[in-house]
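As a plain string of letters, each chain reads:
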Amino acid sequence: MANEKKDFLNNVEEQIAWRPLRKTLSQELEEHIFDRMEAYQTEGISQEEAEALAVRDMGDPIVIGTNLNEVHQIQKAPSLAILTLLLSALGLAGSAYMRWSPEQWSNGFFYYVPGLLVLFLMSWKGYPMIIRHSRWLIRMAGGLFFVEEFLIARRLVLFWQMGYLRYFSILLFGPFLILLAYRMRRYRSKTILMILTLCGIIICLPGFYFDSRRDLPACLVLLAGVAGALLLMIHREIFSGNSSARKRLYGLTLAGVAAVGVLFGATRERREMIRWFLWPEDNIQSTWDDTYNSILIRQLLRETPLVGGIELTPRELMDYGTGAWYFAERDPRQIGVYAIHKTEQEVQKFDALIAEIREAGGNPRYIHFDESNVTLWDILPQHYHNNYRIIIAILLFGWLAGAVLVAAIGGFYWLLFVYIRKIRGKLAFSLSCCCGFCLLTESILYLLGNFGYQYAAFTNLPMISEGRISILVNMAMLGFIFSAYRYDRVEVEPVSMIGDSRLS
């Protein structure tokens, strides 16, 4: 009789395509068989006969295995994968198109290849790794983050030179905060308050360092990702199934987000950044300012047709390149000065002129072009090759091309959240929401900056704008979403994670 039960379970297992799931489902079926056996034995039937009857009551093992396989199978997201690869290819093509720039060569042109590899690896093993090693991952993330903060606070040379890494450590801290919130979800309001308090602490930290301007966009992305995930976790009844309790948690979360949001204007420097973001035209001092770049971009967009690139005469290009179009009537000291000289006398004359201008309060650019060789690339803001990908598309091909690109990006995020919404696993859904909102917020800030509303330092446009760590980090977050959706029906969250919210 034992062989009959074994044959039954083997036949069921053979129908399950996802091999790691076979033993789990087989054990569940075996438990059902034991339950039926106990019921028969209470009626006075012998153990062997009870087992045989229990196995026969289960039905056809082929049908059962086939039905289980339909429910528990790996899911694919072909449309989202194709759109991801198309946008990545567009980013790679854009970087290749501007590869003549020495600065561009030094940045992330070649990082698209490892970026796609990270995307593949995270899609393949990301979610299973998280649910199996959640406890030590939380501890490791917290420990590494605060070690990094200590080293940067001490201003150790190596870590200060690599300080841009902090931007991405802040971004990656968001999913680990949500993982912590999930593990401690039974404490409901206390958990939400703790997570938002940790966000507030992280947002405060850049104020203790020089160059906090670079980290603030990452802090904003972190808050948006965590807040969005918490609100959708409440909506999914992950914290509580009680309607009145959910309303209180909604209110608490929104109030907490508003309180943490105040920190973005808590210092004079941060309030200045908000003013520069909202009213750049009132805060321009020289052509080196990001506020000037915002106004320049808006002006160029006004002259760009619906179809076809912008057309400017050499004289107009020179006016834009030197800043004369803006500063000629406002402050001529800020107009760029031609800096290519052939004789020693010309160099001395140039140095004297620059000294005179700076003594008078000017801060002009050094211009290395004239009307005979000036191009569109000469007049665009510094780092245009990476920070203004959308605008470059509009300037080269017209507003229609830019609208198509923005629509493609919008379609990507619409599709991304459609797949996130389909994820049934509570942990997978929570973490995917956080990653999705982080990516979306980065893109929104990037688009705003492209149209003349830049907040602090530029964020990256996932998949399209190049970089070093940015490609790897954004691809890792996107890969996790793919992985969470892929394994949603086959990976089972460990009992210890479902039943115990305490960190032991």
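See the structure printed just above.
Everything in this summary refers to the structure shown in the same document. Quantities reported herein were computed from a predicted structural model and do not represent experimental measurements.

1. Some remarks on the overall build of the protein chain
Item 1. Across its full length, the protein chain carries 25 helices and two strands.
Item 2. Counting only residues that meet the buried cut, the protein chain has 49% of its 504 residues in that class.
Item 3. For the protein chain, the proportion of contacts with a sequence separation of at least 24, taken over those separated by at least 6, is 76%.

2. Thoughts on helix α16 (residues 314-322)
Item 1. Among all positions of α16, only Leu 317, Met 318, Tyr 320, Gly 321 and Thr 322 are buried.
Item 2. If you follow the buried residues of α16, they end up packed against α15 (290-302), α17 (324-327), β2 (366-367) and α19 (376-379).

3. Some words on the side chain of Ser 286
Item 1. Following the sequence through the fold, Ser 286 ends up in the loop between α14 (268-278) and α15.
Item 2. Those residues in contact with Ser 286 that lie beyond four places of it in its chain are Tyr 292, Phe 327, Gln 334 and Asn 363.

4. Some words on the side chain of Arg 365
Item 1. Assignment of secondary structure puts Arg 365 in the loop between α18 (344-359) and β2.
Item 2. Nearest to the buried, unbridged Arg 365 among oppositely charged side chains is Asp 290, at 7.6 Å.
Item 3. At 2.7 Å, the side chain of Arg 365 and the backbone oxygen of Thr 287 are in polar contact.
Item 4. Sequence-distant contacts of Arg 365, defined by excluding residues within four places in its chain, comprise Thr 287, Trp 288, Asn 293, Gly 336 and Val 337.

5. A look at the packing of helix α11 (residues 189-204) against helix α12 (residues 216-235)
Item 1. Their axes nearest at 10 Å, the elements α11 and α12 cross at an angle of 170°. Classified by the angle between their axes, α11 and α12 sit roughly antiparallel to one another. Of the residues in α12, those in contact with Ile 192, Ile 195, Leu 196, Cys 199, Ile 202 and Ile 203 of α11 are Cys 219, Leu 222, Leu 223, Val 226, Leu 230 and Ile 234.
Item 2. Among the residues making up the contact of α11 with α12, the classes are represented as twelve nonpolar, no polar and no charged.

6. As for unusual backbone geometry
Item 1. If you check the backbone angles, Arg 188 has positive phi at about 50° while not being a glycine.
Item 2. Its location among the elements puts Arg 188 in the loop between α10 (165-183) and α11.
Item 3. When its relative accessible area of 39% is taken as the criterion, Arg 188 is described as partly exposed.
Item 4. Here the phi dihedral of Ala 456 falls at roughly 55°; this positive angle occurs in a residue that is not glycine.

Conventions adopted
Chains are numbered independently. Their residues run from 1 in the order of the written sequence. Side-chain atom pairs in this predicted model are given and counted only at pLDDT of 80 or more, local residue features only at pLDDT of at least 70, and totals for whole chains, interfaces and linings cover all residues. Hydrogens and water molecules were not included; the side-chain quantities draw on all heavy atoms of the structure. Runs of H or I in DSSP of at least four residues are treated as helices and runs of E of at least two as strands, each being numbered from the N terminus. Classification of residues uses two cut-offs on accessible area relative to the type maximum, computed with a 1.4 Å probe and protein chains only: under 20% is buried, over 50% is exposed, and between them is partly exposed. Residues are treated as being in contact if the distance between any of their heavy atoms lies within 4.5 Å. His is not counted here, nor are the chain ends, while Lys and Arg score as positive and Asp and Glu score as negative. In the sections that follow, a salt bridge refers to a side-chain nitrogen of Lys or Arg positioned within 4 Å of a carboxyl oxygen of Asp or Glu. Contacts described as polar in this section are N or O atom pairs within 3.5 Å, which, within protein, must combine one atom able to donate a hydrogen with one able to accept it, while residues neighboring in sequence count only if both atoms come from side chains. Only C-alpha atoms enter the line fits that serve as axes; for helices the fit covers just the stretch in contact. Angles between N-to-C directions range over 0 to 180 degrees. Just so you know how the angles are binned, under 35 degrees is roughly parallel, over 145 roughly antiparallel, 65 to 115 roughly perpendicular, and the rest oblique. Three residue categories are used. Nonpolar comprises Ala, Val, Leu, Ile, Met, Phe, Trp, Tyr, Cys and Pro, charged comprises Asp, Glu, Lys and Arg, and polar comprises the others, including Gly.

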